[in-house]
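Residue-level structural notes
Chain by chain, the residues:
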Amino acid sequence: MPHMSARPLLEVRNLGLDFGSPRGRVHALRNVSLDVPAGQVVGIVGESGSGKSTLAYTVMGLLPENAQVTAGSIIFERRDLLTLTAQTRRSLMGDRLSMIFQDPMTALNPVRNIESQMIDIQHHEQRGRSEKRDRAVDMLKRVGIPDPQSRIGNYPHQFSGGMRQRICIAMALLVKPALLIADEPTTALDATLEVQIIHLLKDLQREIGCSILFVSHHLGVVAELCDHVAVMYAGEVVEQGAVRDIFHSPGHPYTRALLECDPGRIKQRTRNLPTIPGEVPSLLASKKGCIFHPRCPHAFDRCVHETPGEYRVAADQVARCHLLDRAGMVAA
Ligand code: ATP
Ligand code: SF4
């Protein structure tokens, strides 16, 4: 794990999760460890199917019935979330923990106006209804909803997609959570709106002092918003650390490949964006060796037989690759 002095707000340790499927057990998370320090933004990146959303939903406790946690712990504010009762878990949601989804309609009720939804979300607060309404109006103003005094009475369908996502951010932050989990919140928006929403999130995060766990496949957005980043591949975290270290000197061949294929970094105009050759492996079988070896241009014998341990690449950067052992880096 990256070196941190104070105890992180969230500590995911050796987490394993399977989905039951007609074809067998899908090992969607394998031995995942990750820290979210207090007041920091941690990004999770990786190709589609790498387990980013599954990790976010597991922390939030929003898993489908066919999911089973097979190993590990999720320590949040010194309690293991996996051992809490369903009722305690629910009471943490919308109080210490809140979430923004890719599709704002997942969080909004289409048949109730914004006012009643924003008042309800403050149910943990000992305040009167009119004070809660005032706070809601303030927050809508803060996220850039014009004329919030009257628009608070509107229904979700009366807002554009970008406005709806702003409303969801307002609702998620109204409760002043310690940790906000955001699952691709800007993916459905156009590029200009995406930039606006990212700046808004960053400002509000600083103001409230919360941490954010931010899932995205958009590396530019992660570079802009996040302090730390975890790179996932086929259910494993293969590299993590400070954004500047990982983006400037990635230690893992997969991270390098991901960065080389990022459209934001490609200088020449091209019709054919590069992709990482090969496919993400099936998650059905148990894996031996390095999970990336079938696609890795540097793979050697040891990669096929032995799972790589974690090596320290920089003070706040670790990666799982046998090449780092060869280069004399110390085990983390
Ligand atoms: P994307 O960027 O496409 O959202 P992701 O990195 O978030 O991808 P996940 O959605 O977490 O990836 O999926 C991880 C793996 O778990 C995939 O192989 C996916 O097919 C599988 N999976 C996810 N949800 C379920 C489910 N409910 N039942 C069975 N398998 C699932
Ligand atoms: Fe490539 Fe081997 Fe490193 Fe895996 S352990 S990333 S296969 S060099």
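Residues numbered from 1 in each chain as written. Chains lettered and ligands numbered in written order. Predicted model: local features only at pLDDT ≥ 70, side-chain atom pairs only at ≥ 80, totals over all residues. Heavy atoms only, no water.

1. Details of the site of ligand 2
The environment of ligand 2 is formed by His 252, Pro 253, Cys 290, Phe 292, His 293, Cys 296, His 298, Ala 299, Cys 303, Cys 321, His 322 and Leu 323. Of the residues that constitute the shell around ligand 2, the class distribution is 8 nonpolar, 4 polar and no charged. (Near = heavy atom within 4 Å. Nonpolar A, V, L, I, M, F, W, Y, C, P; charged D, E, K, R; others polar.)

2. Comments concerning the packing of helix H6 (residues 161–174) against helix H7 (residues 191–208)
As a packed pair, H6 and H7 sit with axes 11 Å apart at the nearest point and diverge in direction by 10°. In terms of axis orientation, H6 runs roughly parallel to H7. The residues of H7 that touch H6, namely those facing Gly 162, Arg 166, Ile 169 and Leu 173, are Leu 193, Gln 196, Ile 197, Leu 200, Leu 201, Leu 204 and Ile 208. Here the residues of the contact of H6 with H7 sort into 8 nonpolar, 2 polar and 1 charged. (Axes fitted to C-alpha atoms, helices over the stretch in contact; angles between N-to-C directions. Helix = DSSP H or I, 4+ residues; strand = E, 2+ residues; numbered from the N terminus. Parallel < 35°, antiparallel > 145°, perpendicular 65-115°, else oblique. Contact = heavy atoms within 4.5 Å.)

3. Some details on the site of ligand 1
Neighbouring ligand 1 are 14 residues; Ser 48, Gly 49, Lys 52, Ser 53 and Thr 54 lie closest to it. In this structure, Gly 49 approaches ligand 1 through a main-chain N or O atom, which is 2.8 Å from an oxygen atom. In this structure, Asn 66 approaches ligand 1 through a side-chain N or O atom, which is 3.0 Å from a nitrogen atom. The leading source of residues in the shell around ligand 1 is helix H1 (residues 52–60), at 3 residues. Each residue belonging to the shell around ligand 1 can be placed in one class, and the counts come to 4 nonpolar, 7 polar and 3 charged. (Polar contact = N/O pair within 3.5 Å; in protein donor to acceptor, adjacent residues only side chain to side chain.)

4. Regarding the sheet that holds strand S8 (residues 211–215)
Strand order across the open sheet formed by 8 strands is S6-S7-S8-S3-S9-S10-S12-S11, with mixed pairing between neighbours. Each having just a single partner strand, strand S6 (97–100) and strand S11 (311–314) make up the two edges of the open sheet. Recorded for the sheet is a direction-independent mean angle of 20° between the axes of neighbouring strands. Where strand S3 (residues 41–45) lies against S8, 4 bridges are found, and the strand directions are parallel. (Pairing = 2+ DSSP bridges.)

5. Here's the deal with the side chain of Gln 165
Considering the arrangement of structural elements, one finds Gln 165 in helix H6. On the accessibility criterion, Gln 165 (1% relative accessible area) is buried. Among the polar contacts listed, one links the side chain of Gln 165 to the backbone oxygen of Gln 102, at a separation of 3.5 Å. Non-local contacts of Gln 165, meaning those with residues more than four positions away in its chain, are made with Ile 100, Phe 101, Gln 102, Pro 104, Pro 185 and Leu 189. (Buried < 20%, exposed > 50% of the residue type's maximum accessible area, 1.4 Å probe, protein only.)

6. Some details on the pattern of salt bridges
Applying the stated criterion to the full structure yields 15 salt bridges. Close ionic contact of Glu 47 with Arg 295 constitutes a salt bridge, the shortest N to O distance being 3.1 Å. Placement of Glu 47 in the loop between S3 and H1 and of Arg 295 in the loop between helix H10 (253–260) and helix H11 (301–305) is noted, with a sequence separation of 248 residues between them. Residue Arg 295 is classed as buried on the basis of its relative accessible area of 9%. A salt bridge links Arg 135 to Glu 125, with the nearest nitrogen and oxygen atoms 3.9 Å apart. Here Arg 135 is found in helix H4 (residues 129–142), whereas its partner Glu 125 is found in the loop between helix H3 (114–120) and H4, with 10 residues between them in sequence. For Glu 125, a relative accessible area of 22% puts it in the partly exposed group. Via salt bridges that share partners, Arg 7, Glu 11, Arg 13 and Asp 35 belong to a single interconnected network. (Salt bridge = Lys/Arg side-chain N within 4 Å of Asp/Glu carboxyl O.)

7. Overview of the sheet that holds strand S1 (residues 10–21)
Reading across from one edge, S2-S1-S4-S5 is the order of the 4 strands in this open sheet, with antiparallel pairing throughout. Sheet topology places strand S2 (24–36) and strand S5 (79–80) at the edges, where each strand pairs with a single neighbour. For S1 and S2, the ladder comprises 9 bridges, and the chain directions are antiparallel. Within S2, the position partnered with Asp 18 by the bridge is His 27. Contacts from H1 reach S1, S2 and strand S4 (67–76), with the element oriented near 110° to S1.

8. Thoughts on the environment of Ser 21
Its place among the elements puts Ser 21 in strand S1. Classification of Ser 21 as partly exposed rests on a relative accessible area of 27%. Residues Ser 21 and Ala 67, spaced 46 residues apart in sequence, show a C-alpha to C-alpha distance of 9.6 Å. When neighbours within four sequence positions are excluded, Ser 21 is seen to be in contact with Val 26 and Leu 284. Within the local environment of Ser 21, its side chain forms a polar contact with the backbone oxygen of Gly 24, the two atoms lying 2.7 Å apart.

9. Focus on the environment of Ala 170
For Ala 170, the position within the fold is in helix H6. Ala 170 sits 72 residues away from Ser 98 along the chain, and the two C-alpha atoms are 11 Å apart.

10. Quick notes on the environment of Asp 80
Take Asp 80: it is sitting in strand S5. Assessed through its relative accessible area of 18%, Asp 80 is described here as buried. Taking the C-alpha atoms as reference points, Asp 80 and Val 12, separated by 68 residues in sequence, lie 9.3 Å from one another. Looking at Asp 80, its side chain comes within polar contact range of the main-chain nitrogen of Ile 74, at 3.1 Å.

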